[in-house]
Amino acid sequence: MMGELDGGGPGAAPWWQGPLVGFDLETTGTDPAQSRIVTAALVEVLDGVPVRTTRWLLDPGVPIPEPARAIHGISDEQVRSAGRPAAEAVEEIAAALCERLGRGTPVVAFNAPFDLSLLDAELRRHGRAPLADRLAGELVAPVLDALVIDRAVDRYRKGSRGLQRVCEVYGIELADAHEAASDALAAVRVAVALGRRYPTEVGELTLAALHEQQVHWYREWAQGLQSWLRSGKDPQAVVDARWPMR
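Note that the structure is predicted; figures quoted are calculated from it, not measured.

Here is what the cut-offs are and how they apply
- Residues numbered from 1 in each chain as written.
- Predicted model: local features only at pLDDT ≥ 70, side-chain atom pairs only at ≥ 80, totals over all residues.
- Heavy atoms only, no water.
- UniProt positions renumbered as here; feature names shortened; annotations may be inferred.
- Helix = DSSP H or I, 4+ residues; strand = E, 2+ residues; numbered from the N terminus.
- Salt bridge = Lys/Arg side-chain N within 4 Å of Asp/Glu carboxyl O.
- Buried < 20%, exposed > 50% of the residue type's maximum accessible area, 1.4 Å probe, protein only.
- Pairing = 2+ DSSP bridges.
- Contact = heavy atoms within 4.5 Å.
- Axes fitted to C-alpha atoms, helices over the stretch in contact; angles between N-to-C directions.
- pLDDT = per-residue confidence, 0-100.

The sites that UniProt annotates as "domain: Exonuclease" (unreviewed entry) are residues 19-200. End-to-end, the C-alpha atoms of residues 19-200 are 20 Å apart, and along that stretch the chain is 46% helix and 21% strand.

Following this line, the structure appears as structure tokens:
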């Protein structure tokens, strides 16, 4: 697949001016292997403007812990009364995501290994085909991870790297933090801002080259964090260096 996604070339418009699809989940927790999806959104964007938004509300089949409810504001009562059965919804989410990937549209996330790995875990939990199998065994690509790119091109900036703070840095409005569609759109707009601000490192790369660059950037960041943890807080620390999925 990646060979078909090179794009670019003399006179070609940069990727950030083309179609992009933002992807975000709100969940029951922070462990992608064990947490369940509560809401999901795909936001299709052209030149920074949303043209289509698809949302899902799922009944995760387990109680939503209070810390998660405090973040996204969705209660057990809401998902039980209006949520879709998880098995049906995760199938729809995966099919929609892979349809975009299959036609070469970049999927944009903020911390892609969490959202994509959690969706894959849900698919396996419900006996559904994982993402890679739906893409004929190819890589799950092209993926653009606004967090990974921001961390790489402005690595010495102090302060939080959360989505709200990163939006402030790039002048992006985040109207409703922790609402899946709002977060998905914000991730796309951050990615577009990064493409514009850093043309050599980001904006002028082909999708294939930028995807591979993010693999390298994420591995480099994970190895650095692991070394730092092992030097002090946790001598046995292991930081998973795989991107965009675990």
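Anyway, onward from the coordinates.
This model, assessed by the stated rule, comprises 20 salt bridges. With a closest N to O distance of 2.7 Å, Arg84 and Glu92 form a salt bridge. A relative accessible area of 27% means that Arg84 is categorised as partly exposed. Two residues, Asp150 and Arg157, come together in a salt bridge whose shortest N-O distance is 2.8 Å. For Asp150, a relative accessible area of 0% translates into the label buried. Residue Arg157 is classed as buried on the basis of its relative accessible area, which comes to 16%. Each of Glu44, Arg52, Glu99, Arg100 and Arg103 takes part in salt bridges that share partners, so that together they form one network.

So, on to the sheet that holds strand β3 (residues 49-59). Spatially, β4-β3-β2-β1-β5-β6 is the arrangement adopted by the six strands of the open sheet, whose pairing is mixed. Where the open sheet ends on each side, the last strands, each with one partner, are β4 (84-85) and β6 (143-145). Pairing between strand β5 (residues 107-109) and β6: three bridges, direction parallel. Bridge pairing in β6 places Val107 opposite Val143. Running at roughly 70° to strand β1 (residues 19-27), helix α4 (residues 112-125) makes contact with β1, β2 (37-46), β5 and β6 of the sheet. Across the face of the sheet, helix α8 (residues 180-197) comes into contact with β1, β2, β3 and β5 while running at roughly 140° to β1.

The pLDDT averaged across the protein chain works out to 94; a share of 96% of its residues lies at or above 70. With pLDDT under 50 throughout, residues 1-5 is counted as low confidence; its partners more than four residues away or in other chains account for 16 contacts.

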